[in-house]
Amino acid sequence: MAENTISDNEIKEDFCDQAIKCQLVELGFIEHSESSYLSSCFFPSKIGGKPAWLSLTDIPSSSMLRCNVCNEPFVFLQQVYAPLNEKESAFHRMIFIFVCKNPKCCSKNSNLNFKVFRCQLPRKNKFYDYDPPNETKENLKKWSVDKFLILCDVCGCLGDKRCGRCHKKNYCSKEHQILDWKSGHREHCGCSNHTNFLLPEFELVMEHEKYSEEKEEKTESQKLEEYQKFLTSPKADDLVKDSKLFESELEALALKSDKMYNKFKKRIANEPEQVLRYHRGGQPLWISSENIPKAGDIPFCPCGVPRQFEFQVMPQLLNYLNMDELEDSVDWGTLVVYTCSVSCEEGPVYHPEFLWKQDFSNYE
């Protein structure tokens, strides 16, 4: 009789399950908000529109905000305000994500069409008051990035190029100058509308996750019944034809994929509208057993310390973004952001961090 053994992967998987259950995860949800209150001086977590820069100087250059695939300018996707109470130099702290809108640059499990930056400031700094700001529009004028930098009229990034005709409008790139020209700058200087380039703007509000293990785990007979049903489905037929897998290999692959995806669905079922899951130093909620990073896949911070999980962007966010192009669109299963585990101050003010993109497997 074969001896029962537990593999290292199963031990690791069970350990991660228990760790996830014990975490105090914060969930992000979409809310409509007046654009003026999503400005830098209010330290917003937000989706779309123009970035609300934290440091109002030394923002990323236009060359740093270009797609690694097509070399076109990125569009701002979202930012998360994530201060660290235990670190004085990170009293204010913001993580920014940028994405390329071109669907052709979106490849399965590839992060080449994304970039992430971390910026942090001490409580006492040259940009903002020591005490929390009053939510008044006067603060918008008092602490405006326009006092420190010239920004692109199209995307809100560094605008180091100026219109040679009117000398009043600035751009980050030739591409955005052309876009502005076609959008109306030619006829009505200063009145063009760039809603077709920017993503829709929303506030990102955070709440603690309320989750409990109320449902019992599936019995072996239920798992077997599900597997037998899978074997009679067109998915199983196609899989066997394409890959010539033996039945035992097919069974292992199907059950493994089903288990991970079911955990994902079960965990988000209570709050299906969540667009972000935040827990610095915790564990991501993977949507597939495929393309989970292994040791060495997450690069260390240039300061020499490991990066750790900070938050993940959920696929539900795609429902709020206008990135469809005919039959193609930018897509993801989940975007997992890793940041320096000590939140270092080395390097540029806007410190590049790492994003791991995981897409749904072919079996979900």
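Each remark here, short or long, concerns the structure printed above.
Counting restarts for each chain: residues are numbered from 1 in the order of the written sequence. Only residues with pLDDT of at least 70 get local features here, since the model is predicted, and only at 80 or more are side-chain atom pairs given and counted; chain-wide, interface and lining totals rely on the full set of residues. Note that the side-chain values use all heavy atoms of the structure and ignore hydrogens as well as water.

**Student:** Would you mind going over the sheet that holds strand β3 (residues 75–81) in detail, with residue names and values included?
**Tutor:** Strand pairing is defined by DSSP finding a minimum of two bridges between the two strands. Counting from the N terminus, the helices are DSSP H or I runs at least four residues long and the strands are E runs at least two residues long. Strand order in the closed barrel formed by 10 strands is β1-β8-β2-β3-β4-β5-β14-β13-β10-β9, and the pairing between neighbours is antiparallel. Relative to strand β8 (residues 202–208), strand β1 (residues 26–31) runs antiparallel, the two being bridged by six bridges. Its bridge partner lying in β8, Ile-30 is registered against Leu-204.

**Student:** Lay out the environment of Leu-318 in plain terms, naming residues and giving numbers.
**Tutor:** Following the sequence through the fold, Leu-318 ends up in the loop between β10 (307–313) and β11 (324–325). Note: C-alpha distance between Leu-318 and Ser-329 (11 residues apart in sequence) is 9.6 Å. The contact criterion used is simple: two residues touch if any of their non-hydrogen atoms lie within 4.5 Å. Aside from chain neighbours lying at most four places away, what touches Leu-318 is Met-323, Val-330, Asp-331 and Trp-332.

**Student:** Lay out the nonpolar core with the relevant residues and their values.
**Tutor:** Grouped together as the largest cluster of nonpolar side chains are 35 residues, with contacts concentrated most on Leu-77, Ile-97, Phe-311, Leu-317 and Trp-332. Elements with a contribution of two residues or more to this core: β3, β4 (92–99), β5 (114–121), β8, β9 (276–278), β10 and β13 (334–340). Filtering out sequence-adjacent residues up to four positions away, Leu-77 remains in contact with Ile-47, Gly-48, Ile-97, Phe-98, Val-99, Phe-114, Leu-199, Leu-317, Leu-321, Trp-332 and Leu-335. In this description, a nonpolar core means a group of buried Ala, Val, Leu, Ile, Met, Phe, Trp, Tyr and Cys residues linked to one another through side-chain atoms lying within 4.5 Å. Exposure classes here rest on a 1.4 Å probe applied to the protein chains alone. A residue is buried below 20% of its type maximum, exposed above 50%, and partly exposed in between.

**Student:** So what's going on with the pairing of β1? Residues and values would help.
**Tutor:** As defined by bridge partners, β1 adjoins β9 across three bridges and the pair is classed as antiparallel. Its bridge partner lying in β9, Glu-26 is registered against Tyr-278.

**Student:** Outline the environment of Trp-53, listing residues and values.
**Tutor:** Position of Trp-53 relative to the elements: it lies in the loop between β2 (46–47) and β3. For the pair Trp-53 and Ile-95, spaced 42 residues apart in sequence, the C-alpha to C-alpha distance is 10.0 Å.

**Student:** Please set out the environment of Lys-265 residue by residue, giving values where relevant.
**Tutor:** Locating Lys-265 in the fold gives a position in helix α6 (residues 247–268). The exposure class assigned to Lys-265 is partly exposed, which follows from its relative accessible area of 39%. Between the C-alpha atoms of Lys-265 and Leu-285, which are 20 residues apart in sequence, the distance is 9.9 Å.

Everything listed is a geometric property; what it means functionally is a separate question.
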